Amino acid sequence: MSIAITGANGKLGTLILSHLLDHIPARDIIACVRNPQAMHAYQARGADIRFCDYDQPASLAHAFQGVSQLLLISSPILDNAARLQQHSQVIAAAKQASVSHILYTGFAFPAPGASSLADLHLATEQAILDTGIPFTFLRNALYMDFVGSLPLHSAVANGCLTVPPGDWRFNAVSRADLAKGIAAVLAEPKKHLNKTYELTASHPWTFHDLTAALSELSGKPLVLQENPEMESWLYGFLLQINTSSVSRGLEQLLGHPTTVLKESIRPFL
Ligand SMILES: NC(=O)c1ccc[n+]([C@@H]2O[C@H](COP(=O)([O-])OP(=O)(O)OC[C@H]3O[C@@H](n4cnc5c(N)ncnc54)[C@H](OP(=O)(O)O)[C@@H]3O)[C@@H](O)[C@H]2O)c1
């Protein structure tokens, strides 16, 4: 077994790598990164570090030599057409290198046509299906980080969390939970061939739940207030994606429930 991970030095990739090193020998892990010099610590543990740039097909051909499982962590660039081009180059190189299993981190519950983000992830999944190579689709929920863009500090200071009206429900989870679940798949890849996982919180949570969690963490009473005048790019984005549907997939991979809301938001306070 030889598992390659792209974006291995990113925030999600680093967490996956750490978990994986606890479960399989380092010599079976290939970290594919744009800056191999920054990966000394993993090299010292015995992992193979290879240069990989989605925009340089020659680097991909070299990086994927001898790889059996490839985890493609989706590219972070915002231009979805360019992003699809990058993903397509990775997938073509995986086929060329006779990779036997492609795993891909997409986005949970993508509805065709709902957003360019959903379409990007569905198009990438389709490109993987078109290769005929066995796959595993790891569709990540919204990272819990989005709460960092909410006015949490002023809510604690003023005793009031203000949000736009609406039936807001969230399936967001921490990267830590996602990484642990994804590492569990990578540690026993054959169990997960040709499966699609929606990796979300086990239960949806609401702004009322968030207000209660903030209250508990800060030790101060807080109320939730709706303000129809409120405007932010964030709410426009949230309306384009499915933030409410949940699945037990992540909980099952973890072997325990996802981290409770109070603990997940603690780093953002
Ligand atoms: N579910 C969500 O809510 C959510 C939110 C944000 C993003 N995402 C997606 O999830 C992915 C992983 O998240 P993350 O937090 O780990 O993101 P991140 O910390 O920004 O990591 C992105 C990784 O992609 C690598 N990368 C960027 N351009 C590349 C290229 N041309 N060739 C090869 N590698 C390249 C980066 O390497 P360098 O260090 O060399 O730049 C880095 O390792 C993101 O890339 C994005 O597609 C999901």
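Residues numbered from 1 in each chain as written. Predicted model: local features only at pLDDT ≥ 70, side-chain atom pairs only at ≥ 80, totals over all residues. Heavy atoms only, no water.

An unreviewed UniProt entry lists the protein under the name NAD(P)H dehydrogenase (Quinone), with Brevibacillus centrosporus given as the organism.

Below, the discussion takes up the pattern of salt bridges. Per the stated rule, a full pass over the model turns up nine salt bridges. One salt bridge connects Arg175 with Asp145, and the closest N-O pair in it is separated by 2.9 Å. In this pair, Arg175 is assigned in helix α7 (residues 175–187) and Asp145 in the loop between β6 (135–140) and α6 (152–158), connecting sequence segments 30 residues apart. Assessed through its relative accessible area of 29%, Asp145 is described here as partly exposed. For Glu263, the salt bridge goes to Arg266, with nearest N and O atoms at 2.9 Å. Assessed through its relative accessible area of 34%, Glu263 is described here as partly exposed. Exposure remark for Arg266: the relative accessible area of 43% places this residue in the partly exposed category. Three or more residues are tied together by salt bridges with common partners; here these are Glu125, Arg139 and Glu198. (Salt bridge = Lys/Arg side-chain N within 4 Å of Asp/Glu carboxyl O. Helix = DSSP H or I, 4+ residues; strand = E, 2+ residues; numbered from the N terminus. Buried < 20%, exposed > 50% of the residue type's maximum accessible area, 1.4 Å probe, protein only.)

To continue, consider the side chain of Thr124. Within the fold, Thr124 resides in helix α5 (residues 116–131). Setting aside residues up to four positions removed in sequence, Thr124 forms contacts with Leu72, Leu84, His87, Ile91 and Tyr104. (Contact = heavy atoms within 4.5 Å.)

Geometrically, a pair of aromatic rings is defined through the distance of the ring centres and the angle of the planes. Across all of its chains, the model carries eight aromatic pairs by this definition. Of the aromatic side chains, those joined through ring pairs into one cluster are Phe146, Trp168, Phe170, Trp205, Phe207 and Tyr235. (Phe/Tyr/Trp six-rings, centres within 6.5 Å; stacked < 30°, edge-to-face > 60°.)

Relative to the elements of secondary structure, Gly236 occurs in helix α9 (residues 233–240). Between the C-alpha atom of Gly236 and that of Cys32, which follows or precedes it by 204 residues, the distance is 34 Å.

Moving on to the site of the ligand. Lining the immediate surroundings of the ligand are 21 residues, of which Asn9, Leu12, Arg34, Ser74 and Tyr143 lie closest. Within the backbone of Leu12, a nitrogen or oxygen atom sits 2.7 Å from an oxygen atom of the ligand. Considered on its own, the ligand offers 910 Å² of accessible surface; in the complex 78% of this is hidden by protein. Listed by contribution, the elements that provide at least two residues to the shell around the ligand are α1 (11–21) and α4 (80–96). Of the residues contributing to the shell around the ligand, the split by class is nine nonpolar, six polar and six charged. (Near = heavy atom within 4 Å. Polar contact = N/O pair within 3.5 Å; in protein donor to acceptor, adjacent residues only side chain to side chain. Areas by Shrake-Rupley, 256 points an atom, 1.4 Å probe, with all protein chains shown as cover. Nonpolar A, V, L, I, M, F, W, Y, C, P; charged D, E, K, R; others polar.)

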